[in-house]
Amino acid sequence: MEPVDTEGRFLELLSEQFPTRQSVFTEIINLEAILGLPRGTEHFMSDVHGEYEAFEHILNNCSGVIRERVRAEFGDGLSQAEQDDLCTLIYYPEEKLAKTEADLGGIDLAWWRVHLLRLLRVAKHFASAYTQSKVRKSMPVSYAYIIDELLRDQAGQSEDRSRYHERIVDTIVDTGSGPDFVESLAALIKRLAVDRLHIVGDLFDRGPHADRICDRLLEMPSTDVQWGNHDIVWMGAAAGSLACQAAVVRNNLRYGALSILESSYGVSMRELALFAERTYRDGDVLSPIDKAISVILFKLEGQLIRRNPDFAMDGRLLLPLVDVDGDCVHLPGGDAPLVTVDFPTIDPADPLALTDGEREVVDAMAEAFADSERLRRHVAFLYERGSLYRISNDNLLFHACVPMTEGDGLFRTVELRGRRLAGRDLFDWLDREARQAWMEPDQGNLDLMYYLWCGPASPLSGRVMKTFERTFVADRATWEEPRDPYWELTESPSVCKQVLREFGVSPEHGHIVNGHTPVKASSGESPVRSCGKLVVIDGGFCTAYHKTTGIAGYTLISDSSGLRIKAHRAFTSIGDVLDLNADIMSETDRFETSDRPLLVEDSDTGERIRQRIVELRALLDAYNSGTLKERAALA
């Protein structure tokens with residue numbers, strides 16, 4: 001067989017898209033021009049944990065970027081109150097217009113003219129960082145032509161042109177299109193203010209509205225997710241892992257968030273509640289339903305551990321060590337008192353066996369998870385836009401840690417399913433297996449999804465979890481969960497550089513971006529560590545963490561001027577935003593400044609564009625040499 005001319009075949013395919021020399025010229029000119037545009041703004045968020053209102057507000061104010069632009073654009077020309085009004089109009093246009101109309105008893109033409117022109121001025125600034133084509137694609141279709149015309153309004157233009165634009169604005173108001181047009185402009189501003197959003201794990205659990213967060217992200221075209229441990233357990237549950245399903249139910253029961261299962265995803269708890277009521281006694285520290293799902297989980301987990309000795313999780317096989325008569329559990333460090341001895345479903349001869357009643361509960365849960373179309377849609381989104389890690393513009397993003405060995409900082413070798421894996425190889429293999437669990441589930445890859453949730457060397461967990469002890473053991477000293485050495489070792493810049501090299505990222509220019517461990521800002525902890533090589537952006541979006549962290553979340557911003565981190569104060573309510581113009585107050589720490597404005601040519605996108613230009617120049621050479629004929633000439 002003769003060798004295939006892959007280069008020639010590629011150029012033939014490329015010529016279908018660019019059939020003439022002129023079309024090639026035009027595209028090269030366009031791409032070269034794009035390389036000279038400012039680099040797009042990237043936002044990084046993590047550990048949102050179902051806190052929808054705070055998440056939505058951060059998206060609306062773009063981590064304070066819109067407020068900064070309004071301040072820079074209008075300076076002393078607008079009072080602080082007027083700037084606040086304009087920001088709130090951009091964040092929540094529909095609600096702000098309704099309130100303004102109620103407060104003023106109607107909105108007159110003068111108000112519309114002033115505020116539409118202010119919105120256009122803000123939109124023009126953000127649009128200036130993109131090609132006209134990209135700006136058009138970002139516009140709401142219904143008003144794209146009108147917005148495009150108005151964005152061309154420039155200072156110093158002719159009087160006739162100014163009257164033309166004033167006439168457009170007046171007609172928008174006269175036809176009653178003002179509210180729709182304001183909403184369209186506000187949407188465009190927010191879309192252009194952030195070029196890409198990275199979620200560094202944990203959309204789910206604790207807060208009540210992870211489903212609404214997923215719905216919101218589905219609407220956004222430039223978003224990626226690095227899976228967190230709380231995401232992966234939901235993904236495993238949707239894929240069919242019984243242990244993951246029990247863990248999800250137990251988590252949300254303990255977080256007081258069962259409504260997301262029942263109301264949002266249609267996973268009924270009725271079978272579990274009825275079983276618990278007729279099986280377990282009330283009046284303990286633990287409720288009957290808590291005891292029921294916990295015992296079911298530890299039985300399923302124990303069966304999984306015995307199926308997979310390579311998981312090295314025997315230390316979690318504690319249910320068989322429960323001594324009801326002795327009111328204790330035989331832990332390796334000695335006997336520990338239990339908070340309850342109400343274990344009617346544990347057979348001492350086979351403590352991990354499910355009873356008939358428990359099997360009915362498990363089967364009902366499995367059916368409900370499988371039948372939830374909305375959950376499957378959200379999990380499909382996590383697979384489509386997500387991964388265990390991502391590299392973006394010299395930033396290495398992953399949720400928790402790279403498993404390491406204590407003392408020497410070497411990557412820990414993990415044995416799983418006959419493979420010895422460490423560092424990036426471990427991440428790549430686990431990522432593939434997680435995808436197989438969704439596309440072609442079998443017992444092996446479903447079990448691995450549970451390992452990713454809580455396994456001792458899981459890069460999504462990074463600690464030895466003590467779920468049983470925290471549920472049934474009274475002595476809090478047994479609750480301590482040793483962490484992977486990664487967190488201590490990465491206090492050294494040299495170790496951070498070692499991690500960056502392992503993933504093919506520049507050790508000099510790169511940064512690691514993690515979530516997972518809340519930064520205790522109130523105790524003096526900083527999210528920027530190891531001389532700026534490591535950035536931890538879990539600042540506690542979840543309300544339950546606010547007392548621990550002292551703040552309500554971090555976001556990282558990467559733009560044409562460098563890197564900065566935003567520490568956000570607690571979000572109150574949308575009502576306060578509308579009534580008081582109350583915003584999430586943010587403190588900015590710019591920890592890395594570029595010595596010149598960064599351009600598209602300095603980004604990953606720029607690298608892809610340069611490669612495209614090389615391909616187009618090869619096509620042009622083929623046209624010039626006659627190797628390929630222009631298609632127009634053939635027609």
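What this report covers is the structure whose coordinates are included nearby. (Residues numbered from 1 in each chain as written. Predicted model: local features only at pLDDT ≥ 70, side-chain atom pairs only at ≥ 80, totals over all residues. Heavy atoms only, no water.)

What about the pattern of salt bridges?
Counted by the stated rule, this structure contains 38 salt bridges. Its salt-bridge partner being Lys96, residue Asp85 comes within 2.8 Å of it at the nearest N-O pair. In this pair, Asp85 is assigned in helix H5 (residues 80-91) and Lys96 in helix H6 (residues 93-104), connecting sequence segments eleven residues apart. A residue is classified by how much of its surface remains accessible, and Asp85, at 32% relative accessible area, is partly exposed. Through salt bridges with shared partners, one network takes in Glu68, Asp559, Arg564 and Lys566. (Salt bridge = Lys/Arg side-chain N within 4 Å of Asp/Glu carboxyl O. Helix = DSSP H or I, 4+ residues; strand = E, 2+ residues; numbered from the N terminus. Buried < 20%, exposed > 50% of the residue type's maximum accessible area, 1.4 Å probe, protein only.)

Side note on the packing of aromatic side chains
Tallied over the full model, the rule gives 18 aromatic pairs. Where Phe398 meets Phe427, the ring centres are 5.7 Å apart and the plane angle is 65°; that geometry is what we call edge-to-face. Separated by 29 residues along the polypeptide, Phe398 in strand S9 (residues 395-398) and Phe427 in helix H20 (residues 423-439) bring together distant segments of the chain. Members of the aromatic cluster, each reached through a chain of ring pairs, are Tyr389, Phe398, Phe427, Tyr486, Trp487 and Phe503. (Phe/Tyr/Trp six-rings, centres within 6.5 Å; stacked < 30°, edge-to-face > 60°.)

What to know about the pairing of strand S5 (residues 328-331)
For strand S4 (residues 322-323) and S5, the ladder comprises two bridges, and the chain directions are antiparallel. The residue bridging Asp323 from the neighbouring strand is Cys328, located in S5. In sequence, S4 turns back onto S5 through a hairpin of four residues, with Asp327 there showing a positive phi of about 55°. Examined bridge by bridge, S5 and strand S6 (residues 334-337) share four bridges and lie antiparallel to one another. (Pairing = 2+ DSSP bridges.)

Structural notes on unusual backbone geometry
Positive phi values are uncommon outside glycine, yet Asn393 reaches one of about 50°. Relative to the helices and strands, Asn393 is located in the loop between strand S8 (389-392) and S9. One non-glycine residue, Ser530, lies in positive phi territory at about 55°. Considering the arrangement of structural elements, one finds Ser530 in the loop between strand S13 (528-529) and strand S14 (534-536). Under the relative-accessibility criterion, Ser530 is labelled buried at 9%.

Points about helix H17 (residues 288-307)
An ideal rise of 1.5 Å per residue puts 28 Å on 20 residues; H17 measures up with 29 Å between its terminal C-alpha atoms. Across the 20 residues that make up H17, a large majority, 17, are buried. (Expected span 1.5 Å × (residues − 1).)

Quick word on the pairing of strand S1 (residues 42-45)
Both faces of S1 are covered, namely the face carrying Glu42 and Phe44 and the face carrying His43 and Met45. In the sheet, S1 pairs with strand S2 (residues 196-199) via four bridges, with the strands oriented parallel. Counterpart to Phe44 in the pairing with S2 is His198. Relative to strand S15 (residues 554-559), S1 is paired through three bridges, and the arrangement is antiparallel. By the bridge assignment, Phe44 is partnered in S15 with Leu556.

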